[in-house]
Amino acid sequence: QVQLVESGGHLVQPGGSLILSCAASGGNFRGSVMAWYRQAPGKDRDWVARITTGGVTTYADFVKDRFIISRDNAKNTMYLQMNSLKPEDTAVYYCKATLPEGTHYWGQGTVVTIGS
């Protein structure tokens, strides 16, 4: 059973930065495609960024050039560096693991609030 635990969510002022982490256990992290999603209050969950097993990254247009996704396979951890934060980035951020056999796992989420 794969477990994913997100951390790093916080209240940040507009224009600020934040780093989220997703720690994985119980599965093949190195062989998994990892992704970040977010869900703002009253809205659907949206895909944010993805990183493949080989480190290839893709981003949603609304975070491109502001967010950076990365992974450390030695630590079984994925990260999301978030820069130039905007109020509309306020959401619960979730990490998702897709194992080689196609099974998906989600974390419980971490809350990011952009405001003063």
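Residues numbered from 1 in each chain as written. Predicted model: local features only at pLDDT ≥ 70, side-chain atom pairs only at ≥ 80, totals over all residues. Heavy atoms only, no water.

## Concerning the pattern of salt bridges
Where charged atoms from two side chains of opposite charge approach closely, those side chains can pair.
Now for step 1: One pass over the full model with this rule turns up 3 salt bridges.
Now for step 2: Notably, a salt bridge pairs Asp 89 with Arg 66, separated by 2.7 Å at the nearest N-O pair. In this pair, Asp 89 sits in the loop between strand S8 (77-82) and strand S9 (91-98) while Arg 66 sits in the loop between strand S6 (57-59) and strand S7 (67-72), placing the two residues 23 residues apart along the sequence. As far as burial versus exposure is concerned, Asp 89 and Arg 66 are alike and both buried.
Now for step 3: Ionic contacts of the salt-bridge type, sharing partners, join the residues Arg 38, Arg 66 and Asp 89 into one network. (Salt bridge = Lys/Arg side-chain N within 4 Å of Asp/Glu carboxyl O. Helix = DSSP H or I, 4+ residues; strand = E, 2+ residues; numbered from the N terminus. Buried < 20%, exposed > 50% of the residue type's maximum accessible area, 1.4 Å probe, protein only.)

## Thoughts on unusual backbone geometry
Now for step 1: Even without being a glycine, Asn 76 presents a positive backbone phi close to 50°.
Now for step 2: Looking at the secondary structure, you find Asn 76 in the loop between S7 and S8.
Now for step 3: The backbone of Ser 84 sits at a positive phi, close to 50°, despite the residue not being glycine.
Now for step 4: Following the sequence through the fold, Ser 84 ends up in the loop between S8 and S9.
Now for step 5: Overall, Ser 84 belongs to the partly exposed group, its relative accessible area being 42%.

## Thoughts on the environment of Asp 89
Now for step 1: Asp 89 sits in the buried class, given a relative accessible area of 0%.
Now for step 2: Ignoring sequence-local partners within four residues, the contact set of Asp 89 consists of Arg 38, Arg 66, Phe 67, Ser 84, Val 112 and Ile 114.
Now for step 3: Here the side chain of Asp 89 touches Arg 38 through a polar contact of 2.8 Å, side chain to side chain. (Contact = heavy atoms within 4.5 Å. Polar contact = N/O pair within 3.5 Å; in protein donor to acceptor, adjacent residues only side chain to side chain.)

## Some points on the environment of Gly 9
Now for step 1: For Gly 9, the location among the structural elements is in the loop between strand S1 (3-7) and strand S2 (11-12).
Now for step 2: For Gly 9, a relative accessible area of 25% puts it in the partly exposed group.
Now for step 3: For the pair Gly 9 and Ser 116, spaced 107 residues apart in sequence, the C-alpha to C-alpha distance is 15 Å.
Now for step 4: Each residue touching Gly 9, except ones within four places of it in the same chain, is listed here: Leu 18, Leu 20, Thr 110, Val 111 and Val 112.

## Focus on the side chain of Arg 71
Now for step 1: Mapped onto the secondary structure, Arg 71 falls in strand S7.
Now for step 2: There is no salt bridge for the buried Arg 71, and the closest opposite charge comes from Asp 72, which lies 8.4 Å off by N-O distance.
Now for step 3: For Arg 71, the side chain forms a polar contact with the main-chain oxygen of Thr 52, separated by 3.0 Å.
Now for step 4: A polar contact is formed between the side chain of Arg 71 and the side chain of Asn 73, at a distance of 3.0 Å.
Now for step 5: Those residues within four positions of Arg 71 in sequence are excluded, and the remaining contacts are Phe 29, Arg 30, Ser 32, Val 33, Met 34, Ile 51, Thr 52, Thr 53, Thr 77 and Met 78. (Lys, Arg positive; Asp, Glu negative; His and termini not counted.)

In short, shape yes, function no, at least from these values alone.
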